[in-house]
Amino acid sequence: MTSGGPTTVSLVGSTGSIGTQTIEVIRTDPDRYRVVALGARASVEALAEQARELRPEVVAVADPAAAAELGGRLPAGTELRAGPEALAAIAAEAEVTVNAVVGFAGLPVTLAALRGGRRLALANKESLIAGGPVVRQARAEGGGEILPVDSEHCAVHQCLRSSRSGADEVARIVLTASGGPFRGRTLAELAEVTVADALAHPTWKMGPKITVDSSTLMNKGLEVIEAHELFDVDYGRIEVVIHPQSIVHSMVEFTDGATVAQLSMPDMRLPISYALAYPDRWPSPYGRIDWSRLSRLDFEAPDTSVFRCLALAYEAGRAGGSAPAWLNAANEVAVAAFLAGSLGWAGIGEVVEEALQVHDGAVLADVDAVLEADATARRAAAAAVERRARAA
Ligand code: MG
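Because the structure is a prediction, the values reported are computed rather than measured.

Rules used throughout
- Residues numbered from 1 in each chain as written.
- Predicted model: local features only at pLDDT ≥ 70, side-chain atom pairs only at ≥ 80, totals over all residues.
- Heavy atoms only, no water.
- Salt bridge = Lys/Arg side-chain N within 4 Å of Asp/Glu carboxyl O.
- Helix = DSSP H or I, 4+ residues; strand = E, 2+ residues; numbered from the N terminus.
- Buried < 20%, exposed > 50% of the residue type's maximum accessible area, 1.4 Å probe, protein only.
- Donors = N, O, S within 2.8 Å, 3.2 Å for Na, K, Ca; no water.
- Contact = heavy atoms within 4.5 Å.
- Polar contact = N/O pair within 3.5 Å; in protein donor to acceptor, adjacent residues only side chain to side chain.
- Disulfide = S-S within 2.5 Å.
- Patch = residues over 30% accessible without salt bridge, like charges linked within 9 Å, V, L, I, M, F, W, Y side chains within 5 Å.
- Areas by Shrake-Rupley, 256 points an atom, 1.4 Å probe, with all protein chains shown as cover.
- Lys, Arg positive; Asp, Glu negative; His and termini not counted.
- Charge placed at Lys NZ, Arg CZ, Asp CG, Glu CD.
- Phe/Tyr/Trp six-rings, centres within 6.5 Å; stacked < 30°, edge-to-face > 60°.
- Axes fitted to C-alpha atoms, helices over the stretch in contact; angles between N-to-C directions.
- Parallel < 35°, antiparallel > 145°, perpendicular 65-115°, else oblique.
- Left-handed = near helix turned anticlockwise from the far one by under 90°.
- Nonpolar A, V, L, I, M, F, W, Y, C, P; charged D, E, K, R; others polar.

**Q** Lay out the pattern of salt bridges with the relevant residues and their values.
**A** Counted according to the given criterion, the structure contains 30 salt bridges. The partner of glutamate 93 in a salt bridge is arginine 81, with the nearest N and O atoms 3.0 Å apart. Here glutamate 93 is found in the loop between helix H4 (84-89) and strand E5 (96-99), whereas its partner arginine 81 is found in strand E4 (residues 79-82), with twelve residues between them in sequence. Across the salt bridge formed by lysine 209 and glutamate 126, the nearest N and O atoms sit 3.1 Å from each other. Taken together, the positions of lysine 209 in helix H10 (residues 208-216) and glutamate 126 in helix H6 (residues 125-130) put the pair 83 residues apart, joining distant regions of the chain. Of the two residues examined, lysine 209 and glutamate 126, each falls in the buried class.

Below, the structure is given as structure tokens:
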């Protein structure tokens, strides 16, 4: 990217699913990449091991107690920084920042990277969804660019490269969804599903939050908003289609009638490699399709009467302002309650819907307004979870 040396990488959220897969990608090509900063919330053991292998200049830990524990275990020459703001501080210290933080907590990292004019390899879609207007502003002012580390948006990004004028020539973005573990089921059949059922994703291996989001199709709903924010295409031109094999990662239909799709075996290391190497394509072993074994690709419409979260996301996206922030915050609260066993699976959509009903329509002028919307929505969602627990 710059002087011909290795691309420097700051990896925030290094111990989660995307973080560890990013390190796998980097490990295959140490001449091309050098990790200069690692950050995580609290995973001391994993961070110490990563630091020993990668020898970064800085390690940031959001949780001060975890930082104290990590203190003596870093290699010589690696600086330790503690506190939530430390994660954002390392976001502008490399050519590429990988934001693999889970949930709304990733917002400061996204903003810091964009304000610093960096390449942001973004796996944290929540920051883009909750902080839409603020993220747009940071991007415009700082001159940073976003490379999506979300398989669908990485696919769209690649499809758009076949058009010279971008969004003007786009007739439709078609986001594919595996349909998750509950595809084809009725609401009655889903009344008693367990956390283990929801975590058994048929095609993708991911962290627990996004896997639950995939089971409700909220993940796809969040991705619809993400696509709107990333590619500046209105909601009427963003569609979702269920594609159980997860081979076609998304498609763009252009105004001349041509549809361009991106295909590979489902493997997150492929979008990670793409985001790191862009605008080049560097050789990697991921994603190859064996066409002799791939007999069919199926497509069907999503059932939004069962998977209510998808419809709610479109509504929140179209409402704009703080509605996507409310959608995201209420969903995070509901998913956490589901994972903790205090809310049923169908309750996730109900809690999000109730929160959106009391949504106050605030405008998101700055980061404080985003934080305020997020906090207010969390209280509304927690109250809705509480009401359900009392009624049960
Ligand atoms: Mg995705």
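**Q** How would you explain the coordination of the magnesium ion if you had to name every residue and give the values?
**A** Of the protein atoms, only Asp150 (OD), Glu152 (OE) and Glu223 (OE) coordinate the magnesium ion, at distances of 2.0 to 2.1 Å. Read in sequence order, the donor residues for the magnesium ion give the motif D-x1-E-x70-E.

**Q** Kindly report on the environment of threonine 97, identifying the contributing residues and their values.
**A** Mapped onto the elements of the fold, threonine 97 is located in strand E5. With a relative accessible area of 0%, threonine 97 lands in the buried category. Put simply, threonine 97 and glutamate 126 are 29 residues apart on the chain and 16 Å apart in space, counted from C-alpha to C-alpha. Beyond its immediate stretch of four places on either side in the chain, threonine 97 contacts Ser10, Val12, Ala91, Ala92, Val109, Ala113, Arg118, Arg119, Leu120 and Ala121. Among the polar contacts listed, one links the side chain of threonine 97 to the backbone oxygen of alanine 91, at a separation of 2.3 Å.

**Q** Give me the state of the cysteines: which residues, what numbers.
**A** Such a bond, covalent and formed between the sulfur atoms of two cysteines, is termed a disulfide. Scanning the model with the defined rule gives zero disulfides in all. Here cysteine 159 is not cross-linked by a disulfide; its sulfur's nearest cysteine counterpart is in cysteine 154, at 9.5 Å. Taking relative accessible area as the criterion, cysteine 159 reaches 1% and is therefore assigned buried.

**Q** Give a detailed account of a negative patch on the surface, specifying residues and quantitative values.
**A** Taken together, the side chains of Asp360, Asp366, Asp368 and Glu372 define an acidic patch exposed on the protein surface. For glutamate 372, the location among the structural elements is in helix H16 (residues 367-391).

**Q** Would you mind going over unusual backbone geometry in detail, with residue names and values included?
**A** Leaving glycine aside, a negative phi is the common case for residues, and trans is the common case for peptide bonds. Here the amide bond leading from tyrosine 278 into proline 279 is cis, since omega sits at 5 degrees, within 30 degrees of zero. Here proline 279 is to be found in the loop between helix H12 (269-277) and helix H13 (308-319). Even without being glycine, leucine 217 reaches a positive phi, approximately 70 degrees. In this structure leucine 217 comes out as buried when scored by relative accessible area, which is 3%. Notably, serine 246 is not glycine yet its phi reads approximately 55 degrees, a positive angle. Within the secondary structure layout, serine 246 lies in the loop between strand E9 (238-242) and strand E10 (248-254).

**Q** Got a sec to walk through the packing of aromatic side chains? Specific residues and values, please.
**A** For the structure on display, the rule yields five aromatic pairs. Here the aromatic rings of tyrosine 274 and tyrosine 278 are separated by 5.9 Å at their centres, their planes lie at 50 degrees, and the arrangement is tilted. Pair check on accessibility: tyrosine 274 and tyrosine 278 agree, each one buried. Ring geometry for phenylalanine 307 versus tryptophan 345: centroids 6.1 Å apart, planes at 85 degrees, classification edge-to-face. A residue pair is termed long-range when its members are at least 10 positions apart, and phenylalanine 307 in the loop between H12 and H13 and tryptophan 345 in helix H15 (residues 345-357) qualify at 38 residues. Assessed through its relative accessible area of 4%, tryptophan 345 is described here as buried. In textbook terms, an aromatic cluster arises when at least three aromatic residues are bridged by ring pairs, as seen for Phe182, Phe307 and Trp345.

**Q** Can you break down the packing of helix H11 (residues 218-231) against H13 residue by residue, with the values?
**A** Here H11 crosses H13 at 20 degrees, and the two axes come no closer than 7 Å. Judged by the angle between their axes, H11 and H13 are roughly parallel. In the crossing of H11 with H13, the sense of the turn from one axis to the other is right-handed. In contact with Met218, Lys220, Gly221, Leu222, Val224 and Ile225 of H11, H13 contributes Cys309, Leu310, Ala313, Tyr314 and Gly317. Among the residues making up the contact of H11 with H13, the classes are represented as eight nonpolar, two polar and one charged.

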